[in-house]
Amino acid sequence: MPDNNHSKTAELIIDDKKYQLDIIEGLEGDKAIDIRGLLRNTGYTVYDTGYKNSAACSSTITYLDGEKGILRYRGYAIEDLAERCLFIEVAYLLLHNKLPNREELESFRTLLEEFALIHEDMIHFFDHFPPNAPPMSILSVMVNSLHNYYPEMSADPLENIDKTATRLISKIRTIAAFSYKKSIGHPLIYPRNDLSYCGNFLNMMFNTPVRPYIVLPEVVAALNKLLILHADHEQNCSTSAVRLVGSAGGNLYSSISAGINALWGPLHGGANEAVIQMLEAIHKDNNDYKKYVAKAKDKNDPFRLSGFGHRIYRTYDPRGTIIKEACNGLLAVLNVKDPLLEIASNLEEIVLNDEYFVSRNLYPNIDFYSGIIYRALGIPTNMFTVMFALGRLPGWIAQWREMREDPETKIFRPRQIYIGSPKREFVPLRERK
Ligand code: CMC
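Residues numbered from 1 in each chain as written. Predicted model: local features only at pLDDT ≥ 70, side-chain atom pairs only at ≥ 80, totals over all residues. Heavy atoms only, no water.

Student: I'm lost on the nonpolar core in this one. Help?
Tutor: Nonpolar side chains in soluble globular proteins generally cluster together in the buried interior. Counting residues in hydrophobic clusters, the biggest one holds 112 residues, and the most contacted among them are Y73, L139, I256, L279, L305, L347 and I397. Broken down by element, this core gets its largest block of residues, twelve residues, from helix α18 (residues 384–405). When near neighbours in sequence (up to four residues on either side) are disregarded, I256 contacts V143, L168, V242, L393, W396 and I397. (Core = buried A, V, L, I, M, F, W, Y, C linked by side-chain atoms within 4.5 Å. Buried < 20%, exposed > 50% of the residue type's maximum accessible area, 1.4 Å probe, protein only. Helix = DSSP H or I, 4+ residues; strand = E, 2+ residues; numbered from the N terminus. Contact = heavy atoms within 4.5 Å.)

What follows is the structure, encoded as structure tokens:
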């Protein structure tokens, strides 16, 4: 619960009547007007489409300063974590609010290895999706179905949370890789306990019985960094979906499945796929940047430049800065020449010097360069948002758990302003014109 033990209050005057509203402050100076008693005391609700101005919870997990471009998980700077940690260390940090010591890391790693297989019956599920089924839809179905095979949480959702969290973090990568193998009609490659979390995923994705895959350390390091950068981002759309479903008492698997579906949208995690489609379209159009920039600025055209803009950041997305650097580094190491990288750099330069984007503080976000790294790793475009989900999973779980343990949690149930028809007299079918 944030601090509200001080004298600052806000005064609200409605119809000459004054109401004092508490001001509450977060640890880093976030300020909020406490309106929890507003409707009861005044009869008024608040109108805030897209929740642009509303804090739906207090949280100890991620700190984000959109003006300064600061991102921290559990107090640690994203730059330090991305540079110096394994993804599984960061997952542990998000789940347990501490970086693991050696022993804790080893036992977490052992559990992840133990849980890597999925129930063999579930493998048959993959056979019944139509060809070209989007991997995000497969992922959400499979994650939701895990509840049927591992129902330990049914009685008390928090009792087995550590085990369930670890199981989910391990199995999601097996499910993701299997869905890719099925989509291309290749035999499944099972997890191997001698490989790291990221190495294992890459091996399940790219090994084949006829051409062994060599797990390169540079590739593992790049994937590790990408997953860390995606691991949490406070109350974004998918995390709010996870909390919303969980607030009704839903189990962890169904809540995470909802988060996967929310992430899929092109304004959210689906933007990484949309960026590549946009860069490819520009490429095909003889690099006609002007045309796409003009379309994005045209109020009568729904097109937006994917990979630019953010609800919170008014400056560079710090994750975007790290990804851009990693992207240049990886392409150089692998000696990959991707024409889309040059197109992306040129587009970024044009946007950063265009009044429309400058005046609206629209900078490249995490999704702008991530797709180019995924391409270099050999990951197909329709799997990009699945990669985002793999990274975001520990954050979703930590947020779900925090929500369930918070005594302040209420079922998410916003109000509305009704603007439909006034009461109408019912007309029986035979009399309707
Ligand atoms: N291209 C063109 N115009 C834009 C863009 C864009 N990418 N983003 C925002 N704008 C304009 C928007 O039209 C509006 O203009 P005006 O004030 O004249 O009406 C202004 O900037 C503010 O935009 P908004 O839509 O009110 O802002 P929002 O906070 O509701 O939306 C956003 C944030 C991320 C959905 C939006 O910037 C966007 O659609 N970006 C493209 C999709 C994208 O890259 N999404 C990934 C976000 S980061 C990772 C993640 O969350 O998954």
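From this point, the discussion proceeds with the structure in view.
Student: In this structure, what is going on with the pairing of strand β4 (residues 62–65)? I would like to understand it.
Tutor: Neither face of β4 is left uncovered, since the one carrying T62 and L64 and the one carrying Y63 and D65 both have all their residues buried. Both β4 and strand β5 (residues 70–73) contribute to a ladder of four bridges, which runs antiparallel. From the neighbouring strand, Y63 faces β5, where its bridge partner is R72. In textbook terms, the turn of a hairpin is the stretch between consecutive antiparallel strands, and for β4 and β5 this stretch comprises four residues, one of which, G69, has a positive phi near 70°. (Pairing = 2+ DSSP bridges.)

Student: Please clarify how the state of the cysteines should be interpreted in this entry.
Tutor: Covalent bonding between the sulfur atoms of two cysteines defines a disulfide. With the rule as written, the count across this model stands at zero disulfides. Distance from the sulfur of C198, which forms no disulfide, to the nearest cysteine sulfur (C85) is 12 Å. By relative accessible area, C198 is classed as buried at 3%. With no disulfide partner, C327 has as its closest neighbouring cysteine sulfur the one in C198, 17 Å distant. Classification of C327 by relative accessible area gives buried; the value is 0%. (Disulfide = S-S within 2.5 Å.)

Student: Would you explain the environment of K181 in this entry?
Tutor: Relative to the helices and strands, K181 resides in helix α7 (residues 161–183). For K181 and M205, which are 24 residues apart along the polypeptide, the C-alpha to C-alpha distance reads 6.8 Å. Ignoring any residue separated from it by four or fewer positions in sequence, one finds K181 in contact with H186, P187, L188, I189, M204, M205, F206, N207 and T208.

Student: Looking at this structure, how should I read the sheet that holds β5?
Tutor: What the three strands build is an open sheet, ordered β4-β5-β6; its pairing is antiparallel. Pairing within the sheet leaves two strands with one partner each, and these edge strands are β4 and β6 (76–77).

Student: Would you mind going over the site of the ligand with me for this structure?
Tutor: Close to the ligand lie 24 residues; H268, R304, L305, G307 and R311 are nearest. Here an oxygen atom of the ligand sits 2.7 Å away from a polar atom, N or O, in the side chain of R311. When the free accessible area of the ligand is taken as 930 Å², the share hidden by the protein chains comes to 78%. Those elements that provide at least two residues to the shell around the ligand are α16 (355–359) and α17 (366–377). Residue classes in the shell around the ligand are distributed as eleven nonpolar, seven polar and six charged. (Near = heavy atom within 4 Å. Polar contact = N/O pair within 3.5 Å; in protein donor to acceptor, adjacent residues only side chain to side chain. Areas by Shrake-Rupley, 256 points an atom, 1.4 Å probe, with all protein chains shown as cover. Nonpolar A, V, L, I, M, F, W, Y, C, P; charged D, E, K, R; others polar.)

Student: I tried to follow the domain arrangement of the protein on my own but got confused; where do I start?
Tutor: For interface size, the figure often reported is the accessible area lost on association. The domain boundaries assigned to the protein delineate domain 1 (9–65) and domain 2 (79–414). Averaged C-alpha coordinates put domain 1 and domain 2 at centres separated by 32 Å. Summing both partners gives a buried area of about 1,200 Å² for domain 1 against domain 2, and 56% of it is carried by carbon and sulfur. Summed over the three residues of domain 1 that lose the most area to domain 2, namely I61, T62 and L64, the buried surface amounts to 46% of that side. Counting every contact that joins domain 1 to domain 2 gives one salt bridge. Among the ionic pairs, E408 bridges to R36, the shortest N-O distance being 2.6 Å. (Domains from an automatic or database assignment. Buried area = accessible area lost by both parts, 1.4 Å probe. Salt bridge = Lys/Arg side-chain N within 4 Å of Asp/Glu carboxyl O.)

Student: Even after reading the chapter, I still don't get the packing of helix α12 (residues 271–284) against α18, so can you show me in this structure?
Tutor: Each pair of packed helices can be summarised by the angle the axes make with each other and by the distance between the axes. At a closest axis distance of 7 Å, the pairing of α12 and α18 adopts a crossing angle of 150°. The orientation of α12 with respect to α18, classified from their angle, is roughly antiparallel. Of the two possible hands of crossing, α12 and α18 adopt the one that is right-handed. Of the residues in α18, those in contact with N272, E273 and I276 of α12 are F384, T385 and F388. Partitioning the contact of α12 with α18 into residue classes produces three nonpolar, two polar and one charged. (Axes fitted to C-alpha atoms, helices over the stretch in contact; angles between N-to-C directions. Parallel < 35°, antiparallel > 145°, perpendicular 65-115°, else oblique. Left-handed = near helix turned anticlockwise from the far one by under 90°.)

Student: Teacher, can you tell me more about the packing of α12 against α17 here?
Tutor: α17 packs onto α12 with a crossing angle of 80° between their chain directions and a minimal axis gap of 8 Å. Between α12 and α17, the crossing angle belongs to the class labelled roughly perpendicular. For the pair α12 and α17, the contacting residues are A271, N272, V275, I276, M278, L279 and E280 in the first and D367, F368, S370, G371, I372, Y374 and R375 in the second. Tallied by class, residues from the contact of α12 with α17 come to eight nonpolar, three polar and three charged.

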